[in-house]
Structure formats: C-alpha cells, structure tokens
Amino acid sequence: TEMDLSGVETEANDTTATADTLSLGTELTGNLLATGDDDYYKVSVDGAGLLTLSFDNPRSSSSANTGLAYFELRVSSDTDDFSSAQAYADDVSLVTPIPQAGDYYIHITNPYDYYVDTQNYGLTASFSSGDLSQYELENNDTKQTATPLAFDTTVNGSVSFVSAGSTRDYDF
C-alpha cells in the first residue's frame, strides 16, 4: 500500500535541488534529524506580494535553554537572499516581500553545531499579492540596487542574515 506523505517533510531535502514542495495554506510537518541536517522547501508564487511563513516551534518558553535559537529560517531565490529569522522558544511569523513571480526557497537549519532539537516543527506559507512600494526589496546591498524612497513615505525593512556577530545584509 502507498503512504500519503503530503504535509510531511521527506529526506533528503538538504539542498534547493532536492527541496520538498510547500503548498500555500497547507501546514507541513518536519524535523531536523541530527546536527548538520538542513531542510529546504520550495514555494511558487504568481506575482509580487508578501510571503508569510508561520513556524510552529516545538519548543516553548517553558523549555530548558530558551536563550538558544534552535531553528533558523531563511527565504531565498536561486540568486538572492530575502529574509531570515531565528526561532528561540516560541512560534515565529516571518513576512517577506517577494518582488516577482517564481520559485522561492525556505531553508530551515540549526545555527548551532552542538545541539539539535529533533522534535517536529510545523511550517505554513501564505501569499498575498499586491503593491510593495512600502517595503524594502532585496537585493539592495549596493547603491546601484537601492530601494527607491519617496518623501513622506514609510518603508518597512529589516537587516537580515546576522551570523556569529557579523551582519552580511547591507541596505541602501
């Protein structure tokens, strides 16, 4: 008999080439099997808009070592990184402006080599198309790729990809 594996992470999904497909609006359950395990998911969108990831963290604020980020989430395309967030002991919602239609990748990893939490996490993606003029758009790491600003307009943005105390995201 065949098993229905929809909604469940499959191994090996350790690269973008072997990424599991994440359907919009459907929760997928996964886990990091051991130190060094990376989970990749591919989500496809049909235009510019906001991609929202809801990460159901198996750890809670009552867990031991709540100061450790047991999970790190990143959103990227084949060529650019768009956003990242660390999940400590609570659920995380990560909203990422997506500039155009295409395939995007969610990478979940453990930022520490010495401990991995093997409990199941949940991941749900949703997408709303629309105007992104009030958002910083990646890749804007140089003056040539700067996000345009208009007077008297607020732009929402973030510095992402902080690792080992060094920031690798520059915003113009």
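Residues numbered from 1 in each chain as written. Predicted model: local features only at pLDDT ≥ 70, side-chain atom pairs only at ≥ 80, totals over all residues. Heavy atoms only, no water.

Draft legend 1. Looking closely at the side chain of Asp37. Tracing the sequence through the fold places Asp37 in the loop between strand 2 (28–30) and strand 3 (39–45). At 2.8 Å, the side chain of Asp37 and the backbone nitrogen of Leu33 are in polar contact. In this view, Asp37 contacts Glu11, Asp14, Asn31, Leu32, Ile108 and Thr109; residues no more than four positions away in its chain are not counted. (Helix = DSSP H or I, 4+ residues; strand = E, 2+ residues; numbered from the N terminus. Polar contact = N/O pair within 3.5 Å; in protein donor to acceptor, adjacent residues only side chain to side chain. Contact = heavy atoms within 4.5 Å.)

Draft legend 2. Fine view of the nonpolar core. Formed by 26 residues in total, the largest nonpolar core has its most connected members in Leu53, Phe55, Ile106, Ile108 and Leu123. Looking at this core, the elements with two or more residues in it are strand 3, strand 4 (49–56), strand 5 (71–76), strand 6 (81–87), strand 7 (92–98), strand 8 (102–109) and strand 9 (121–129). Apart from residues lying up to four places away in sequence, Ile108 is in contact with Leu32, Asp37, Asp38, Asp39, Tyr41, Phe55, Phe71, Glu72, Leu73, Tyr121 and Leu123. (Core = buried A, V, L, I, M, F, W, Y, C linked by side-chain atoms within 4.5 Å. Buried < 20%, exposed > 50% of the residue type's maximum accessible area, 1.4 Å probe, protein only.)

Draft legend 3. Local environment of the sheet that holds strand 7. Taken together, the four strands give an open sheet; going across it, the order is 2-9-4-7, and neighbouring strands pair in antiparallel fashion. Taken across any chain shown, the strands that pair with only one partner, and hence form the sheet edges, are strand 2 and strand 7. Across this sheet, the average inter-strand angle for adjacent strands is 25°, counted without regard to direction. In the sheet, strand 2 pairs with strand 9 via three bridges, with the strands oriented antiparallel. Bridge pairing in strand 9 links Thr29 to Gly122. (Pairing = 2+ DSSP bridges. Axes fitted to C-alpha atoms, helices over the stretch in contact; angles between N-to-C directions.)

Draft legend 4. Highlighting the packing of aromatic side chains. On inspection of all chains with the given rule, the structure shows four aromatic pairs. Seen in terms of ring centroids, Phe71 and Tyr121 are 5.8 Å apart; in terms of plane orientation they differ by 70°. Their pairing is edge-to-face. Remark: Tyr121 occurs in strand 9 and Phe71 occurs in strand 5; sequence separation between them is 50 residues. For the residue pair Phe71 and Tyr121, the accessibility class agrees, reading buried in each case. Note on Phe82 and Tyr104: the rings are 5.6 Å apart at their centroids and 70° apart in plane angle, and the pair reads as edge-to-face. Taken together, the residues span a long stretch of sequence, with Phe82 in strand 6 and Tyr104 in strand 8 at a distance of 22 residues. (Phe/Tyr/Trp six-rings, centres within 6.5 Å; stacked < 30°, edge-to-face > 60°.)

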